[in-house]
Amino acid sequence: MGRRARDRRRQQQRQERGGDSGGGGGLGDQAGWAGGYPEIVKENELFERYYRELGIVPDGEWGDFMAALREPLPATLRITGYRSHAREILHCLKEKYFKELEDLEVDGQKVEMPQSLSWYPEELAWHTNLSRKILRKSPQLEKFHQFLVSETECGNISRQEAVSMIPPLLLNVNPHHKILDMCAAPGSKTAQLIEMLHADMNDPFPKGFVIANDVDNKRCYLLVHQAKRLNSPCIMVVNHDASSIPYLQIDVDGRKEVLFYDRILCDVPCSGDGTMRKNIDVWKKWTTQNSLQLHGLQLRIATRGVEQLAEGGRMVYSTCSLNPIENEAVIASLLEKSQGALELADVSSELPGLKRMPGVTKWKVMLKDGQWLEEWKDVPSNRQTQIRPTMFPVKDEEKLKAMNLERCLRILPHHQNTGGFFVAVLIKKSPMPWNKRQPKVHQKLPQRTGDAEVTAANSDNGSERITEEPLDENEESKKKQELQNSDTEQSKKEGVCGPPPSKKMKLFGFKEDPFVFLPEDDPLFLPIQKFYALDPSFPKMNLLTRTQEGKKRQLYMVSKELRNVLLNNSEKMKVINTGIKVWSRNSDGEQFGCAFRLAQEGIYTLYPFIHARIINVCIEDVKILLTQENPFLSKFSSETQKKVKDMAMGSIVLKYDPDPAKPDDLQCPILLCGWQGKTSLRAFVPRNERLHYLRMMGVEVFKAKRKDEESESKTEEEVQHRLAQIEEGMDVENKEHDLVTKMEAEIGEESSHSPVENSAMEVENKIEDLDQSGKNANSHVIQESKDTDRSNVKD
C-alpha cells in the first residue's frame, strides 16, 4: 500500500470516528488528553505473598512495611569534596539556608526541616521531604533548591539514596588502598571511595587508587562525568564484563605480579524491589523470575571479585533487593565453595545509629506461577536449567552455623524512611581453593591474554604471581603472536598505552584515544619546569597526553601507581578515561616563556610542586576576580599590585589563605588559576566553581525570577553570558557530553544531578556591575589570551 492510500484510509477512519461521536470528536480528544496517564496502582499480590511467607519483616510490622513502600522516597544529599571545603558547605547550609526555613509556612503548613542522617559521619548526609511543587511556591525554598542544583553541578553535593551510602562506609578505605569498583555506574559510590582516598588534603598523590568498571559503554561516560567532578589523579574508568574482568599485572621491582585489590565494592545488578518507592514500575513488573534469572550472574561477579581480592582484604557485596535468592543465597554459595578462605565480617558495631535486620538462614524458592520449592530435589527436571542448587539454603546445620549468615545486613524501608537494601562484608583469609595450584616461574611474562589461562599463588612477599599456559597453536599463529608481543613491548618502551586490539574487544563503544606518557627527555617539559619553578620531586613521568602525533594540547597527570597499571595492561583493558588535566596549551604564552597555562581542575594536585608565579590575595581581591571579567590591576589591593608589578606576563596561581582572626570570613583555602596581563588580572575558573566560592564568601548569587521583571531577566542573561565567556572549558569530549546529558535523563538510580530548572542566576547588585570595566579590560588582554578558548578542546 502506497503513502497516498494510507493517508486516505486514515482520513476515512477519522471521519468515521467523528460521525460516531456526533461531531464531537474534538471534545472527545480533549477529554482523553485531560485524563493523562493512568496512575500506577501500588499493589502486587504475588510480592506480598512472597515476602509474607519468607518472614523477613518482623511480626507486627507488615502494615508499616507496606505503607512505607507506598510513600515517595525522601530526597537525600551528601556533601562531597575535601574535608575543609565540606565543612564550609555544611556551615553554609546550616547557618544560612536551613535557618531561613525554620519558621517558613507554605499554603498554611509549616515546612519540614531537612534532617541529617544519624548514622552518617560528621553530619555530611541529609534528607528532606520537600517536593518540587513546594520548592516553587516560596522564594526561600527556590533559593535553597538553586543552591543544591549549582553545588551539585560543581561536585560539592551529590544526590544519592541514603542506603547506597552504606557500602563504601563499610569498606573502611584508607588512602593507601587499591580499590576495585566492579559495577560502578552511575558513580555515586565511586565518588565516596575517591573522597576517602583523599582524606589527607596535604597528600596530592595517595598511594591508593580506584579502578571503576562498568559493562555498559554508555554508562561509563556518565561514570567519567561523576568522577571528574572530584578532580583526582587516582581514578581510572574501564569497560568490562565484571564477571570476567581480567587479572591485571603490575611491575614490582622489575618482576611482573598480579594486581590484587585491598578493597572491592561488588554492588551487583539486581531486581531492585528495594527501590519501589522511587521506581514505581517495579510494582507492576515484579515477579520472582527476575531474581531467579539474576542469581547466576550475581554469583559469577562475586566469585570474580573474591578471586582478585588480596589476603586480608575486604569485599562488600550489596544489592538494592530484599530477596534472599539474590542475597543470602549468593553469599552462602560463595562461602561454601571457598572452603574457609572467606568469612563474613561482624559489622554490628559499625555505623551506630543505623537500624538493620540480620541476615536470614532459611528461605524458599518460588516459581513464576507461585509454586513453592524448599529443596533442590523438589525441582522438576524441566526446570533444573533455570533453578540451580545454589539458590537453596544449606541443609547441613553445622555448615550453616559456621557461615554466620546473620552477620549480613538487611535495611527495611519503614525503619528509617529509606529504600530497601542488603549488604554483606566478606574478608579473605587465604587464597581461593581453585587458585592454589603452584605456578610455573617465568623470567618474563608474555603480554598476551586472549588464549591464556590465569593462575595465582603466594610468593615470598605475600603477593601472588601470574602464569599463563598457552594452548596449542599452529606455527603461523605463533609467529603472529610473537610479532604482536614485540609490538606491545615497543609501545611500552615509548610510553604508549593504546586501546585493546579490535579482535579482543567484545564490547562495542567509542574508539578511545591512546594514553601517551611524556618521555623523560621530552623538550616540552623543560620550559614548563623553569617557568613554574617546579620542585625536583615533581613526578614528570606521570604526565600523559591523549595524542601520539601533532601538537600536544593538553597535559594530564596520574598517580605513580596508576601509571604502573596503565603501562603493564594496555592490551588487556579497555580504558575509558583516567588522569586529571593539569596544563592546557596557550600559544600566546610562548612569547612569555611557557606555552602551557595552568588548568583549574588540576591546581590542587600541582600546587605543592610549584614554587614560582604564586600571588597571595585577600578575600576582597578574590571577590573581584570571580565577579569581573578582566579587572584592571588598580582595582586590587596595594599588596597584590606590588606582587604583580615585577612578575612577567602569563599564567599564575592566586592563593587565598583564611585568617583565623576573622572567623566570619571564609575559613578554607582557595587556589585559583589566573592570567596576568599588562594592565589586568583575570581568573580562569569554571562558572559553577565561581558561584560556589562566591556563595562560600557570603555573596548571594541567586535571585528568584518573576515573570513581570523583564529587566531583571535581561540582567541575568547578561551576567550568565559573561560568566560563560570567562569560564574555563571543561575537557569532556562532545561524545561524552551528549551521552551524559542523555543518560542523566534516563538513569534515575543514584544520579547525582537533580533536574536543572530554568533557574534565574544573577550576581547581586552589591557586586560591581561587569559592564564597562569588563569591556575595557578585555580590549587590553584580547591579544594575550586569544587562544584560551581553543586550548580548552580535548585532544
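Bear in mind that the values here come from a model prediction, so they are computed numbers and not experimental data.

Undergrad: Go over the overall build of the protein with me, naming the residues and quoting the values.
TA: Scanning the protein from N- to C-terminus turns up 26 helices and 32 strands. Evaluated residue by residue, the protein yields a buried proportion of 55% over its 795 residues. Total accessible area on the protein stands at roughly 36,200 Å², and carbon and sulfur atoms take up 48% of it.

Undergrad: How would you summarise helix H9 (residues 188-197) if you had to cite specific residues and measurements?
TA: Within H9, 10 of the 10 residues are buried, which leaves it mostly tucked inside the rest of the structure. Along H9, the residues that are buried comprise Ser 188, Lys 189, Thr 190, Ala 191, Gln 192, Leu 193, Ile 194, Glu 195, Met 196 and Leu 197.

Undergrad: Pulling in residues and values, what's your account of the sheet that holds strand E31 (residues 670-676)?
TA: Judged by pairing direction, the sheet is mixed, and its four strands sit side by side in the order E29-E30-E31-E32 without closing on themselves. Strands with a single pairing partner mark the edges of an open sheet, and in this sheet they are strand E29 (614-616) and strand E32 (681-683). Ignoring which end each strand starts from, the neighbouring axes of this sheet average 35° apart. On top of the sheet, helix H21 (residues 638-645) reaches E29, E31 and E32; it is set at about 165° to E29, its chief contact.

Undergrad: An account of empty space enclosed by the protein is needed here, citing residue identities and associated values.
TA: By the definition in use, this model includes seven cavities of 30 Å³ or more. Around the largest cavity sit Val 224, Ala 227, Lys 228, Asn 231, Ser 232, Ile 235, Val 237, Asn 577, Thr 578, Gly 579, Ile 580 and Glu 601, which together line it. For the lining of the largest cavity, the secondary structure elements donating two or more residues are helix H10 (217-228), strand E9 (235-238) and strand E26 (575-578). The biggest single contributor to the lining of the largest cavity is H10, with three residues. Among the residues making up the lining of the largest cavity, the classes are represented as five nonpolar, five polar and two charged.

Undergrad: Before we move on, can you summarise the nonpolar core with the specific residues and values?
TA: Among the nonpolar cores identified, the biggest contains 173 residues, and Ile 211 and Ile 331 are the most heavily contacted of them. Top contributing element to this core by residue count: helix H5 (residues 83-101), with eight residues. Sequence-distant contacts of Ile 331, that is, excluding residues within four places in its chain, are made with Tyr 317, Leu 344, Leu 405, Cys 408, Phe 422, Ala 424 and Leu 426. Core analysis: the next-biggest nonpolar cluster, separate from the first, contains 26 residues, Leu 518, Phe 525, Phe 531 and Phe 596 among them.

Undergrad: Residues and numbers for the packing of helix H12 (residues 288-307) against helix H13 (residues 328-338), please.
TA: Between H12 and H13, the shortest axis-to-axis distance is 10 Å and the interhelical angle comes to 45°. Taken together, the axes of H12 and H13 lie oblique to each other. Judged by the sense of rotation from one axis to the other, the crossing of H12 with H13 is right-handed. Side by side, H12 and H13 meet where His 295, Gln 298, Leu 299, Ala 302, Thr 303 and Val 306 of the first sit next to Ala 329, Val 330, Ser 333, Leu 334 and Lys 337 of the second. Residue composition of the contact of H12 with H13, grouped by class: six nonpolar, four polar and one charged.

Undergrad: Help me get a handle on the environment of Asp 281, residues and values and all.
TA: You can see Asp 281 is positioned in helix H11 (residues 281-285). The exposure class assigned to Asp 281 is partly exposed, which follows from its relative accessible area of 36%. Distance in space between the C-alpha atoms of Asp 281 and Val 41 is 9.6 Å, their sequence separation being 240 residues.

Undergrad: Account for the confidence of the model for the protein, with residues named and values stated.
TA: Chain-level statistics for the protein give a pLDDT mean of 79 and a share of 74% at 70 or above. Here residues 19-35 scores under 50 on pLDDT; set against residues more than four positions off or in separate chains, the count is two contacts. Note that pLDDT drops below 50 for residues 722-795; the model gives that stretch 195 contacts with residues more than four away or on any other chain.

Undergrad: Which residues make up the packing of helix H20 (residues 619-627) against helix H22 (residues 687-696), and what values go with them?
TA: As a packed pair, H20 and H22 sit with axes 10 Å apart at the nearest point and diverge in direction by 150°. Judged by the inter-axis angle, H20 sits roughly antiparallel to H22. Regarding H20 and H22, the two cross each other, and that crossing is left-handed. On H22, the residues touching Lys 623, Leu 625, Leu 626 and Thr 627 of H20 are Arg 690, Tyr 693 and Leu 694.

Undergrad: Go over the packing of aromatic side chains, please, and point to the residues and values.
TA: Tallied over the entire structure, the rule returns 20 aromatic pairs. Each ring, one from Tyr 50 and one from Trp 286, has its centre 5.7 Å from the other, and the planes form 50°; the classification is tilted. Of this pair, Tyr 50 sits in helix H3 (residues 45-54) while Trp 286 sits in the loop between H11 and H12, and the two are 236 residues apart along the sequence. Of the residues examined, Tyr 50 reaches a relative accessible area of 1% and is grouped as buried. Owing to a relative accessible area of 3%, Trp 286 belongs among the buried residues under this scheme. Here the aromatic rings of Phe 538 and Trp 583 are separated by 6.0 Å at their centres, their planes lie at 70°, and the arrangement is edge-to-face. Within this pair, whereas Phe 538 is found in the loop between helix H17 (525-531) and strand E24 (543-545), its partner Trp 583 is found in strand E27 (residues 580-585), the two being separated by 45 residues in sequence. For the pair Phe 538 and Trp 583, one class covers both residues: buried. Counting every residue linked through ring pairs, the aromatic cluster contains Phe 205, Phe 525, Phe 531, Tyr 532, Phe 538, Trp 583 and Phe 609.

Undergrad: Let's hear about the side chain of Ser 243: which residues, and what values?
TA: Here Ser 243 is to be found in the loop between E9 and strand E10 (249-252). At 2.9 Å, the side chain of Ser 243 and the side chain of Asp 241 are in polar contact. Once residues lying within four places of it in the same chain are set aside, the contact partners of Ser 243 are Leu 297, Arg 300, Ile 301 and Arg 304.

Undergrad: How would you explain the sheet that holds strand E4 (residues 115-116) if you had to name every residue and give the values?
TA: For sheets, the rule is that strands pair by backbone hydrogen bonds, running either parallel or antiparallel. Taken together, the four strands give an open sheet; going across it, the order is E4-E5-E1-E6, and neighbouring strands pair in antiparallel fashion. Single-partner strands in this sheet number two, and they are E4 and strand E6 (157-159). As judged from the four bridges shared by strand E1 (residues 75-79) and strand E5 (residues 125-128), these two strands associate in the antiparallel manner. Across the sheet, the residue bridging to Thr 76 is His 127, located in E5.

Undergrad: Explain unusual backbone geometry to me, using residue names and the numbers behind them.
TA: Cis rather than trans, the peptide bond between Ala 185 and Pro 186 has omega equal to 5°. Of note, Pro 186 is situated in the loop between strand E7 (178-181) and H9. Here Asn 404, not a glycine, exhibits a phi torsion of approximately 55°, which is positive. Following the sequence through the fold, Asn 404 ends up in the loop between helix H14 (397-403) and strand E18 (409-411). For Asn 404, a relative accessible area of 22% puts it in the partly exposed group. Phi is positive for Ala 533, which is not a glycine, with a value near 50°. Mapped onto the secondary structure, Ala 533 falls in the loop between H17 and E24. Looking at Ala 533, the relative accessible area reads 28%, which means it is partly exposed.

Undergrad: Kindly report on the side chain of Asn 568, identifying the contributing residues and their values.
TA: Note that Asn 568 resides in helix H18 (residues 560-569). Only 2.7 Å separates the side chain of Asn 568 from the side chain of Asn 564, close enough to count as a polar contact.

Undergrad: Quick one: what's the story with the pattern of salt bridges, residue by residue and with numbers?
TA: Within this structure, the stated rule accounts for 20 salt bridges. Between Glu 100 and Lys 143 there is a salt bridge, with its nearest N and O atoms 3.3 Å apart. Here Glu 100, found in helix H5, pairs with Lys 143, found in helix H7 (residues 139-153); they are 43 residues apart in sequence, far enough to count as distant. The partly exposed category is assigned to Glu 100, whose relative accessible area is 28%. Of the charged contacts in the structure, one is a salt bridge between Lys 655 and Asp 657, with a shortest N-O distance of 3.5 Å. According to the relative accessible area criterion, Lys 655 is buried, its value standing at 16%. In the salt-bridge network here, residues are joined through shared partners; they are Glu 43, Glu 48 and Arg 70.

Rules used in this analysis
- Residues numbered from 1 in each chain as written.
- Predicted model: local features only at pLDDT ≥ 70, side-chain atom pairs only at ≥ 80, totals over all residues.
- Heavy atoms only, no water.
- Helix = DSSP H or I, 4+ residues; strand = E, 2+ residues; numbered from the N terminus.
- Buried < 20%, exposed > 50% of the residue type's maximum accessible area, 1.4 Å probe, protein only.
- Areas by Shrake-Rupley, 256 points an atom, 1.4 Å probe, with all protein chains shown as cover.
- Pairing = 2+ DSSP bridges.
- Axes fitted to C-alpha atoms, helices over the stretch in contact; angles between N-to-C directions.
- Contact = heavy atoms within 4.5 Å.
- 1 Å grid on protein atoms, 1.4 Å probe; cavity = no way out; pocket = protein on both sides within 12 Å on 5 of 7 lines; lining within 4 Å.
- Points joined across faces, edges and corners; volume = space filled by probe spheres on them.
- Nonpolar A, V, L, I, M, F, W, Y, C, P; charged D, E, K, R; others polar.
- Core = buried A, V, L, I, M, F, W, Y, C linked by side-chain atoms within 4.5 Å.
- Parallel < 35°, antiparallel > 145°, perpendicular 65-115°, else oblique.
- Left-handed = near helix turned anticlockwise from the far one by under 90°.
- pLDDT = per-residue confidence, 0-100.
- Phe/Tyr/Trp six-rings, centres within 6.5 Å; stacked < 30°, edge-to-face > 60°.
- Polar contact = N/O pair within 3.5 Å; in protein donor to acceptor, adjacent residues only side chain to side chain.
- Salt bridge = Lys/Arg side-chain N within 4 Å of Asp/Glu carboxyl O.

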